[in-house]
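Residue-level structural notes
Residue strings, one per chain:
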Amino acid sequence: MKLLDQFTRDEARLRLPEAIGRGVTINTDGGGVWGWVELPTRSTDGIGTHGLFLETARGSADLRKLIPAGAEGQAKIQWRKWTGDEYRANELTDDMTDGAREYIEAGAERIEGVNFPRRQVLLGVRFDPGAAHRKGSIATEGIRKFTGMKDTRGDAGEDLATTIDLVRSWHGRMATSGFKARPATVEQLAWSLRRDVRRTWDWIPEGSMAGPGEIARLAAASVTPTDDHIEIMTDQGVRYLRLLTIAGGGFPTADLSLPGGEWLKNLNVAALPGDEPGDSEPVEVSIRFRNVPTAEALKRLEVALDLAKEQDRSARQGLAEYAPRHIQEAEATLTERMSEIRKNQIGMVEDTVTWVIEAHDLRTLGKRTQAAIDFYANMGITLWAPPAIQDLLYMELIVGDRRRIPEFAQFRPWDTVVGAWFHGGSALGADRGFYLGANMGSTPGPFINRLSDAQMEGNPVTTVAVGASGAGKSTGVMLMTLAEAVAGAWALITDFKGDLGGIVTAAEMYGVPVTTISTDEVASGSLCPFRYVRDPKDAASMALDNIALALNLGNESADESLVRKATNRVANYPEGTTRSTWAVIQELIGDSNPAAVELGERLAELAEDPLARPVLGIPDLSGGSRQLSTDPGLVYMRFVGMRWPGKDTPQAQWKPGQRLTVMLVQSGFAYSTYMAGRVKGIPKVVALTELHYILRYNFGREFVGELALTGRALDVNLLLDTQGSTQLLQVPDLIDQISQVHAFTVRTEDEADAQARLLGLEPEQSFRDQQIKLRQEPGVRICITRDRQGRIAPVQFDYLTHEIEVALTTTPERFRQKVEPDDEETEVA
Amino acid sequence: MDQYPLPTDTQHVQLESRQYKLGMDLGEGVPRMTLLVGAVFLGVWILVLRLIGVPFLSYVMLYLGPPALLTVLALRKDRGGRYAYVTIVDRVRYLKRRHRPIIPLPGHPAPSNAAHRFLTDHTRAHRNRPRVIRAQFHIIDIDQVKGAKK
């Protein structure tokens, strides 16, 4: 009866666990035996609407079947912090360079500085056999209780023995559910208890936890309840808590729905404007629930339905004529609900939800409380802080205790509790790798990744960064490439726009050997295939392609035949150092065929062009055999003075400079790929930026497709950066080579749809809107990332240090140039 | 399906019932809780007045007024949507659970005399005794636990 519930309060003392094991806690003083599992963070932020519905339905079905009918339970959502120690422990090695060590340390400090909250969700169910099983007479038990003499450990063992099979079975079945739950560890349960009574964030230090058969003690906690809040003395001073629950009639009966109604997904509800990192954390939530047996649920609904009908009849018989509208709605809803239960479509749960608001002082506590209340008011949910029972609500939170106040319980289908989405999350990235940025999803944390681990995992080796100009792609690419180079990979990055030179500065800060190749400064003939391709026949074929492009020769034309003969002659030179594209030109000039001579003379003139010189020019051997080092380091390849053909201009109408541009790019990429293939025994990353410059052309798309396949064969990780997601999808067979995607903001819906396909999602209007509005402010550039496991979450790349940020900033600076006035300066109006 | 509903039936199973007829037609109806609480207050009040010996007909308003006023006050809804009498009962129970602080928090010195103690015991500024929570538990290896024989 509601009337009785209003006055029912369990004021007994706090029931703490007397024994803890893996996945179980025991209290022999009325608290019972509880089985506990952890609901690990999954990747559900990006599953789309259809996926959201499926997972909600599945989760509801799982819980109503897996939690015994009539059993009590508790879900605890708590937060601790990500620390840099775990990152250091995983990444620091003895054989690291000083620069690499410094880089990892910078990442660890950033993880700690950003103060990422780390969620822990525990789900517990009581499997209490009741006191009847206990041996000994009632008198014996009474004496034991009266004198306080009881064998806690023995009693705990007895209780556990009678229920362990049930607990184990439940653990097993929860593991196979959609939640992929696993038994909660002793450390997780102990930490949860410590968090509640001491408000400590820190994880249990390694080695400090007692072992099986031992007794663990938490440091004593001083908790002072007051009328409207709780005060807890901590090592950092007093912490103030206020417990909120749902007001009577405060939860919408029918207006909440998915998507959008995930009422426990975002728990940053107590933040205030102006909060610095660490000032406020996500709110903790405790859900005490009871899985209502079917018969009981039907009975309860039937009683309510009878009352509703009685009210309707009474009203109609009198002057009122009609019962209030809520009576009629209740009749309809109750009838439908009973039908759903009878058809086994839903199960009912009784739950009490408590939110924990925390602050350093009372005034801030008041503000944060109001912020949380306002947040939920926008969802149609009314929260309040019940006075005079804050202490009971606090005790209810704690592992091992029980529901003390039935008055605030909500009665509803399991779908509404599971649809709150306090589970799930935005898991992303790898356990090991570099800290590259922040996971900005519903379960924030460091985004850890290492491109060069892809092939070790058996994954495709291509990563793409796509989005509009200025969206942050190049910065993300530079940071990923830098991380690899610092860690000892062979990394190469191309630069068409000339704004990525900062990566050289950043790499040198961490002691990375850097080689800079600029097409306007590189030695004449240094990109000639004969210089670096081992097989002269292959070199001859590549040289023919370059010359054909430079001269715009038709396929199978007579001119092509003349050039082919010349390249083949050069390929047969006995002395390797004499082979070069320039030698091919000399062969043509010295040919007896006037047409060949003319071709040779044209080429000789073209070879003077700065765009052609690196490929066609007279070999400059003064620098010795110019080949890139195959040792760890960074190669920065800059293309200067490119003149791109229009995307709709037929190749036959390209101007000479445009043909030479394409030839130079083709040669540069071929050189990079070839050199990458020669590197052995260390990770290799080739970052090709601003690919939209070449993807607009058929040859460009074919080239990139071949590059992706070649990269896989040569064990080279490719990092592709482009504005054209739509163009990227047109590259033959590329999509099968992509294992990781970073999708930055776009300007058109077509581009957003292309990004959706790259991410493996169905194009939806919500995604289009999201991508067009992705947050873009100075220093804040978010991308939607799909990792190699196919999980999706938003990521913001992190510069790690101010020095790296200054070095890598690609946004042009504008500054006023100060003009010194002349002595005879006239007045300026 | 464009939306996945998340319904809650609490209000449906906690309907506030109204009495539409009590001998005579009551029009739009009177909440039964009002009638019940009013009846309780009226019954107790009548008993008290009869014990004192107050005549009904001479003091009709005295018989009816206070119970009516008490009923209105007791059935006001607070911010949590509860009747005021529930909060009153909770406050009384809370006072019983409170103890004078033995270990006062810094800035809250222990009361110096009986009058001070009385006032601090019953004012909002008074703190409950800090409860010292000492958590101690055995660590169990559940893999070693065998189920009880049935």
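Small disclaimer: the values here were computed from a predicted structure and weren't measured. (Residues numbered from 1 in each chain as written. Chains lettered and ligands numbered in written order. Predicted model: local features only at pLDDT ≥ 70, side-chain atom pairs only at ≥ 80, totals over all residues. Heavy atoms only, no water.)

Residues and elements named next belong to chain A. Taken residue by residue, helix α3 (residues 84–91) has G84, Y87, R88 and E91 as its buried positions. What you see down the axis of α3 is that its buried residues fit within an arc of 100 degrees, all on one side. The inward-facing, buried residues of α3 contact α4 (98–114), β16 (434–439) and β17 (445–449). (Buried < 20%, exposed > 50% of the residue type's maximum accessible area, 1.4 Å probe, protein only. Helix = DSSP H or I, 4+ residues; strand = E, 2+ residues; numbered from the N terminus. Arc of directions from axis to C-beta. Contact = heavy atoms within 4.5 Å.)

Residues and elements named next belong to chain A. Among the structural elements, A807 can be located in helix α27 (residues 802–808). The exposure class of A807 is buried, given its relative accessible area of 17%. When sequence neighbours within four positions are dropped, the list of residues in contact with A807 reads G502, T505, A506 and M509.

Turning to the interface of chain B and chain A, a few remarks are in order. With 64 residues of chain B in contact, the opposing surface of chain A contributes 105 residues. For the chain B and chain A pair, buried surface summed over both sides reaches about 7400 Å², with 58% attributable to carbon and sulfur atoms. Where chain B packs against chain A, one counts 7 salt bridges. One salt bridge in this structure joins E310 of chain A and R32 of chain B, with 2.8 Å as the shortest N-O distance. (Buried area = accessible area lost by both parts, 1.4 Å probe. Salt bridge = Lys/Arg side-chain N within 4 Å of Asp/Glu carboxyl O.)

This paragraph deals with the confidence of the model for chain A. Residue and element names in this part refer to chain A. Averaged over every residue, the pLDDT of chain A is 87; residues scoring 70 or more account for 91%. The least confident element of chain A is helix α5 (residues 138–147), whose mean pLDDT is 54; the most confident is helix α12 (residues 414–418), at 98. Scored below 50 in pLDDT, residues 131–136 shows 11 contacts in the model against residues more than four places distant or in partner chains. The low-confidence segment residues 823–829, where pLDDT is below 50, has 0 contacts with residues more than four positions distant or belonging to other chains. (pLDDT = per-residue confidence, 0-100.)

This paragraph deals with the confidence of the model for chain B. Residue and element names in this part refer to chain B. Averaged over all residues, the pLDDT of chain B is 79; the fraction at 70 or higher stands at 77%. The spread of mean pLDDT over the elements of chain B runs between helix α5 (residues 114–122), the lowest at 58, and strand β1 (residues 4–5), the highest at 96. Confidence drops under a pLDDT of 50 for residues 100–109, and excluding neighbours within four residues, the segment shows 18 contacts in the predicted structure. The ipTM value of the predicted complex is 0.80, and its pTM value is 0.84.

For the rest of this paragraph, the subject is the pattern of salt bridges. In total, this model carries 53 salt bridges over all chains according to the counting rule given. The structure contains a network of salt bridges with shared partners spanning R9 and E407 of chain A together with D78, R82 and D90 of chain B.

Moving on to the side chain of T519 of chain A. Residues and elements named next belong to chain A. As for its placement among the helices and strands, T519 is situated in the loop between β20 (514–518) and α15 (529–532). Within the local environment of T519, its side chain forms a polar contact with the backbone nitrogen of V640, the two atoms lying 2.9 Å apart. Sequence-distant contacts of T519, that is, excluding residues within four places in its chain, are made with P610, P614, R638, F639, V640, M642 and L664. (Polar contact = N/O pair within 3.5 Å; in protein donor to acceptor, adjacent residues only side chain to side chain.)

Before going further, it helps to examine the environment of V353 of chain A. Residues and elements named next belong to chain A. Mapped onto the secondary structure, V353 falls in strand β13 (residues 348–359). In this structure, the C-alpha to C-alpha distance between V353 and I287, residues 66 residues apart in sequence, is 4.5 Å. Beyond its immediate sequence surroundings of up to four residues, V353 is in contact with L244, T245, I246, W263, V285, S286, I287 and R412.

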